Amino acid sequence: MVERVSTEPETADHSVITSTIYYVGYTVSTVALTMAVFIFSYFRELHCLRNRIHMNLMLAYIAADIVWILNMAVNVYLIEHISQAFCFIFVVLLHYTMLTHFLWMFVEGLYLYTLVVKTFQQGTAKLPAYLVIGWGVPLVVVVSWVVTRLLHPEEQTEHEQDLCSWLAYHWSDWVYQAPVIAVLAINTIFLCFVMYVLITKLRSDSSMRPGAMGPPGDAEQQQSKKAAKALLVLIPLLGITYILVIAGPTEGHAANVFAHVRALLLSTQGLLVAIFYCFLNTDVRHTLANRWERWREVRTLGRQRNGRAASVNWTNRDTSEMVTEITCIGLSSD
């Protein structure tokens, strides 16, 4: 959505606030996503197809967030001083990271749909195919956009020629905008199917265990809570937030409030993904807790052995031998 630019001081102040929200939100999201990627990549217990897809989505988020921050800096400070070559490279990078961000959302939706709805086809899902979709398809789309724009250039005024021409609007922009719209539409369909299956399963489980959840009213309330929680978690993962804020007020105080809310929701999508699918993930929490306990046990055993060694005056014992023994104890607890 293209926001209307105004020279009124009040509107300018709100524009600064909106940009600040974006900047802070993307920065916090980048930090959280980087921590989540480190956790997924470092701990072997977490290496599975589902988490690898999450990790690639997070990497796409990180790239898109960083490029957006650079884009803001370029537009504010360097727009009149950058060369056309730098402008071309930067805009291509901007569009590519944006598309990878959306295509990995599509991969998340496709994997979830296959896992929940098409359960008999789970074995057909392979990571290389998802990698091609998430990183390869955006490259093809961006190259097609560049070729189309080069083959159909538009005339520019003298003032426009001094600026970055690749940032100006061109009808060929639909080459990369259409896939984004398609991803949001398809993911919305995936979300509807997944929620339908989930709600059906919740009702089936409740009917098979009458009285297990209390009176019928309590059972329905529990079902609603679980369905609402699932919906809340899936919205940022599938990019539905973009649909929720795709249109809004364009004038007055309501437009400013909508711009602030939109900036907050869009800039913190990556943060929510990191929280829901890493920091609050049961497997991740168990893995971190187990590693922490093992580390404490090894440290405690090391202190005890050092204390006993000092009490019997084992001054001639090789230090490397003791370290090896402690390490073996830690590994044996795996």
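Conventions and cut-offs
- Residues numbered from 1 in each chain as written.
- Predicted model: local features only at pLDDT ≥ 70, side-chain atom pairs only at ≥ 80, totals over all residues.
- Heavy atoms only, no water.
- Phe/Tyr/Trp six-rings, centres within 6.5 Å; stacked < 30°, edge-to-face > 60°.
- Helix = DSSP H or I, 4+ residues; strand = E, 2+ residues; numbered from the N terminus.
- Buried < 20%, exposed > 50% of the residue type's maximum accessible area, 1.4 Å probe, protein only.
- Axes fitted to C-alpha atoms, helices over the stretch in contact; angles between N-to-C directions.
- Left-handed = near helix turned anticlockwise from the far one by under 90°.
- Nonpolar A, V, L, I, M, F, W, Y, C, P; charged D, E, K, R; others polar.
- Expected span 1.5 Å × (residues − 1).
- pLDDT = per-residue confidence, 0-100.
- Contact = heavy atoms within 4.5 Å.
- Arc of directions from axis to C-beta.
- Salt bridge = Lys/Arg side-chain N within 4 Å of Asp/Glu carboxyl O.

(A) Fine view of the packing of aromatic side chains. Per the counting criterion, the structure on display carries 13 aromatic pairs. Their ring planes at 65 degrees and their centres at 5.7 Å tell us that Y113 and F193 sit as a pair that is edge-to-face. With Y113 in helix 3 (residues 84–116) and F193 in helix 6 (residues 174–208), this pair connects stretches of sequence that are 80 residues apart. The exposure class assigned to Y113 is buried, which follows from its relative accessible area of 17%. Each ring, one from W292 and one from W295, has its centre 5.3 Å from the other, and the planes form 25 degrees; the classification is stacked. Of this pair, W292 and W295 both sit in helix 11 (residues 282–311), 3 residues apart, which is roughly one turn of the helix. By relative accessible area, which is 45% here, W295 ends up partly exposed.

(B) The arrangement of the packing of helix 3 against helix 4 (residues 127–151) in detail. With their axes 8 Å apart at the nearest point, helix 3 and helix 4 run at an angle of 145 degrees to one another. You can see that helix 3 and helix 4 cross each other, and the crossing is right-handed. Among the residues making up the contact of helix 3 with helix 4, the classes are represented as 22 nonpolar, 3 polar and no charged.

(C) Structural detail: helix 9 (residues 252–267). With 16 residues, helix 9 should cover 22 Å at 1.5 Å per step; its first-to-last C-alpha distance of 23 Å lies within 8% of that length. Within the sequence span of helix 9, burial applies to A255, N256, F258, A259, H260, R262, A263, L266 and S267.

(D) Layout of the confidence of the model for the protein. On average, residues of the protein score 78 in pLDDT, and 73% of them are at 70 or above. Taken element by element, the predicted model of the protein shows its lowest mean pLDDT in helix 12 (residues 319–332) (35) and its highest in helix 10 (residues 269–279) (93). Scored below 50 in pLDDT, residues 1–9 makes 9 contacts in the model with residues more than four places away or belonging to other chains. Ignoring residues within four places in sequence, the model shows residues 309–334, a span with pLDDT below 50, making 16 contacts including any to other chains.

(E) Examining helix 10 more closely. Those residues of helix 10 that sit buried are Q269, G270, V273, A274, Y277 and C278. Looking down the long axis of helix 10, one finds its buried residues gathered within 135 degrees of arc, a one-sided arrangement.

(F) Here's a closer look at the pattern of salt bridges. In total, this model carries 4 salt bridges according to the counting rule given. The salt bridge involving D283 is made with R50; its shortest N-O contact spans 3.3 Å. With a gap of 233 residues between them, D283 in helix 11 and R50 in helix 2 (residues 49–78) connect regions that are remote in the sequence. By relative accessible area, which is 39% here, D283 ends up partly exposed. As a salt-bridge pair, D173 and R149 come within 3.7 Å of each other at their nearest N and O atoms. Highlighted residues: D173 in the loop between helix 5 (158–161) and helix 6 and R149 in helix 4, separated in sequence by 24 residues. The class for R149 is buried, based on a relative accessible area of 9%.

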